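# Chains, contacts and geometry: an overview
Listed here are the chains, written in short residue letters.
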Amino acid sequence: MRLIASMLAATALLVGCGGEEQAPETLQEVPVAAAPQKDGEGSVTAMAGPYYYAQTWDNGKRLTVCANDLTVHRSNGSTCTLTRGQTFTVYSGGSEWVPGHAWGNCNLDGQVQNGWFC
């Protein structure tokens, strides 16, 4: 039943008001990001966030966090959380993890997952 209904809807879109057939509009596929997958240690191995991805030309820039929460990881294993609107100075962009300085309620050096900046 669904198949028949979808075929009727598709046919109706191709036929104009006067009964003549019209060419379908060109469809463009929207790129879809792969869902993050975690390995055994909990780090993300797939594509990072859906927002701006810091590149090498962003080194030294202070970028605004677009994510609701962005965890800053320190080399000693401790973490801190930046919230939307706080900033992060990029030391070395272009990879899945970005080292830099977290401002706001953290005020410390660490690294964050890339792809969560405005």
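The present account deals with the structure reproduced in this document.

What counts and how
- Residues numbered from 1 in each chain as written.
- Predicted model: local features only at pLDDT ≥ 70, side-chain atom pairs only at ≥ 80, totals over all residues.
- Heavy atoms only, no water.
- Helix = DSSP H or I, 4+ residues; strand = E, 2+ residues; numbered from the N terminus.
- Buried < 20%, exposed > 50% of the residue type's maximum accessible area, 1.4 Å probe, protein only.
- Contact = heavy atoms within 4.5 Å.
- Areas by Shrake-Rupley, 256 points an atom, 1.4 Å probe, with all protein chains shown as cover.
- Disulfide = S-S within 2.5 Å.
- Polar contact = N/O pair within 3.5 Å; in protein donor to acceptor, adjacent residues only side chain to side chain.

## Topic: the overall build of the chain
Check the secondary structure of the chain and you find one helix and six strands. Of the regular secondary structure in the chain, the N- to C-terminal order runs α-β-β-β-β-β-β. Counting every position in the chain, which comprises 118 residues, the buried fraction comes to 28%. For the chain, contacts bridging at least 24 residues in sequence account for 48% of all contacts bridging at least 6. When the accessible surface of the chain is totalled, it reaches about 8,300 Å², and 56% of it is carbon and sulfur.

## Quick notes on the state of the cysteines
Throughout the structure, instances matching the rule amount to two disulfides. Between Cys66 and Cys118 runs a disulfide, and the two sulfur atoms are separated by 1.6 Å. On the sign convention where negative means left-handed, the S-S torsion of about 130° between Cys66 and Cys118 marks this disulfide as right-handed. On the criterion of sequence distance, the pair formed by Cys66 in the loop between strand E1 (62-64) and strand E2 (69-73) and Cys118 in the segment after strand E6 (108-113) is long-range, its members being 52 residues apart. Judged by relative accessible area, Cys66 falls into the buried class, the value being 7%.

## Side note on unusual backbone geometry
At Asn107, a position not held by glycine, the phi torsion is positive, near 50°. Tracing the sequence through the fold places Asn107 in the loop between strand E5 (97-102) and E6.

## Considerations on the environment of Asp109
Tracing the backbone through its elements, the reader meets Asp109 in strand E6. With relative accessibility at 40%, the residue Asp109 sits in the partly exposed group. In this structure, the C-alpha to C-alpha distance between Asp109 and Thr89, residues 20 residues apart in sequence, is 9.2 Å. Setting aside residues no more than four positions away along its own chain, Asp109 makes contact with Arg74, Tyr91, Gly100 and His101. At 2.9 Å, the side chain of Asp109 forms a polar contact with the side chain of Tyr91. One polar contact links Asp109 to His101, side chain to side chain, over a distance of 2.8 Å.

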